[in-house]
Amino acid sequence: MTIIFLLIGISLLVALTFLGAFFWAVRSGQYEDDYTPAVRMLFEDEVEPDEPA
């Protein structure tokens, strides 16, 4: 029975760690631009000309 309480405590600790990491990512602006990555593959890549040596 003690192992169940230990595993529940560890799982709550891991869950709170991931929740804290999620809130940190939201506050630091990781999710501000959610449109550009979806259409980035539709843009043409600019080809730079090779410079002669």
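In this text, all values refer to a predicted model and were calculated from it rather than measured experimentally.

Broken down by element type, the protein chain carries two helices and zero strands. Its C-alpha atoms give the protein chain a radius of gyration of 23 Å, more than 25% over the compact-globule value 10 Å for 53 residues. Total accessible area on the protein chain is roughly 5,700 Å²; 65% of this is exposed by carbon and sulfur atoms.

This brings us to a negative patch on the surface. A cluster of acidic residues, Glu44, Asp45, Glu46, Glu48, Asp50 and Glu51, forms a negative patch at the surface. Mapped onto the elements, Glu46 comes out in the segment after helix 2 (36–39). For Glu46, a relative accessible area of 76% translates into the label exposed.

Right, let's get into the packing of aromatic side chains. Where two aromatic rings form a pair, the distance of their centres and the angle of their planes describe that pair. Counted according to the given criterion, the structure contains two aromatic pairs. Note on Phe22 and Phe23: the rings are 5.8 Å apart at their centroids and 50° apart in plane angle, and the pair reads as tilted. Taking the relative accessible area as the measure of exposure, Phe23 reaches 45% and is therefore partly exposed. Taking 6.1 Å as the distance between ring centres and 45° as the angle between the ring planes, the aromatic pair formed by Phe22 and Tyr31 counts as tilted. The exposure class assigned to Tyr31 is exposed, which follows from its relative accessible area of 53%. Each residue in the set Phe22, Phe23 and Tyr31 is aromatic and connected to the rest through ring pairs, giving one cluster.

Criteria and cut-off values
- Residues numbered from 1 in each chain as written.
- Predicted model: local features only at pLDDT ≥ 70, side-chain atom pairs only at ≥ 80, totals over all residues.
- Heavy atoms only, no water.
- Helix = DSSP H or I, 4+ residues; strand = E, 2+ residues; numbered from the N terminus.
- Rg over C-alpha atoms; globule rule 2.2 N^0.38 Å.
- Areas by Shrake-Rupley, 256 points an atom, 1.4 Å probe, with all protein chains shown as cover.
- Patch = residues over 30% accessible without salt bridge, like charges linked within 9 Å, V, L, I, M, F, W, Y side chains within 5 Å.
- Salt bridge = Lys/Arg side-chain N within 4 Å of Asp/Glu carboxyl O.
- Lys, Arg positive; Asp, Glu negative; His and termini not counted.
- Charge placed at Lys NZ, Arg CZ, Asp CG, Glu CD.
- Buried < 20%, exposed > 50% of the residue type's maximum accessible area, 1.4 Å probe, protein only.
- Phe/Tyr/Trp six-rings, centres within 6.5 Å; stacked < 30°, edge-to-face > 60°.

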